[in-house]
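# A look at the structure
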Amino acid sequence: MKARELSVPGAVEFTPTRYPDDRGLFVSTFEERSAGPLFPVRQASQSRSRRGVVRGVHYTAVSPGTEKYVHCPRGSALDIVVDLRVGSPAFGTWDSVVLDDRTFRAVYIPPGVGHAFVALEDDTVMSYLLSTGYVAEHELAVSVLDPELGLPIPRDITPILSARDRLALPLAEAAAEGMLPLFAHPQENR
């Protein structure tokens, strides 16, 4: 498995080795020896989306925040990470990776970093390993359509958003309201 640091500090893309043969394919989407012991898994979840669904930019409001490890076992998605950590030298920056069922790439998202994705085809499944269980009142969002963020939603996609994501504040307003996490070095979040 190859690891590549993304431009958002602490976020990492993982590309596993695929083993195809005449029967099909075998791949390990997570290997502790390559990724390291990222976090204790408290919840594993999946979502299925049709083309054009945009989920995010989601983050956890309470310290230490939620760590995520996401991959796409079916379909394809443009996965986006956004640094929402007030005080981070990369605050407000983003990076993106195409996750799909051909490369089986995965992305690690550290606490305080927002996560969004755009389903690029029907029946796209996203799989999440989470360091905390889901608590609705702790889950917040900033607007994926915030022009100041300028996220790379493909031009041929008309975003399909949940009611919550449609109402999400732009980054500057969320910061002014004191709703964003503070930057801490990774070892301080554990």
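Right, let's walk through the structure included here. (Residues numbered from 1 in each chain as written. Predicted model: local features only at pLDDT ≥ 70, side-chain atom pairs only at ≥ 80, totals over all residues. Heavy atoms only, no water.)

## With respect to the packing of aromatic side chains
In the structure shown here, the tally under the stated rule is three aromatic pairs. For the pair F14 and Y69, a centre-to-centre distance of 5.7 Å together with 40° between the ring planes defines the contact as tilted. Residue F14 is located in strand β2 (residues 12-15), and its partner Y69 is located in strand β7 (residues 68-74); the two are separated by 55 residues in the primary sequence. Between F30 and Y69, the aromatic rings sit 5.1 Å apart at their centres with planes inclined by 85°, giving edge-to-face as the arrangement. Placement of the pair is F30 in the loop between β4 (24-27) and α1 (32-35) and Y69 in strand β7, with a sequence separation of 39 residues. What makes Y69 buried here is its relative accessible area of 2%. Ring-pair connections join several aromatic residues into one group, and the members of that group are F14, F30 and Y69. (Phe/Tyr/Trp six-rings, centres within 6.5 Å; stacked < 30°, edge-to-face > 60°. Helix = DSSP H or I, 4+ residues; strand = E, 2+ residues; numbered from the N terminus. Buried < 20%, exposed > 50% of the residue type's maximum accessible area, 1.4 Å probe, protein only.)

## A look at the sheet that holds strand β6 (residues 54-60)
An order of β9-β8-β11-β6-β13 is seen for the five strands of this open sheet, with the pairing classed as antiparallel. Every other strand in the sheet has two partners, leaving β9 (94-100) and β13 (139-141) as the edge strands with one partner each. For this sheet, the mean inter-axis angle between neighbouring strands, taken without regard to orientation, is 30°. Here seven bridges tie strand β8 (residues 76-83) to β9, and the two strands are oriented antiparallel to one another. Note on β9: the bridge partner recorded for A77 is L99. (Pairing = 2+ DSSP bridges. Axes fitted to C-alpha atoms, helices over the stretch in contact; angles between N-to-C directions.)

## A short note on the pairing of strand β12 (residues 124-130)
Burial analysis of β12 places six of its seven residues in the buried class, which makes it a mostly covered element. Relative to β12, strand β5 (residues 43-49) runs antiparallel, the two sharing seven bridges. The residue of β12 that forms the bridge with Q46 is S127.

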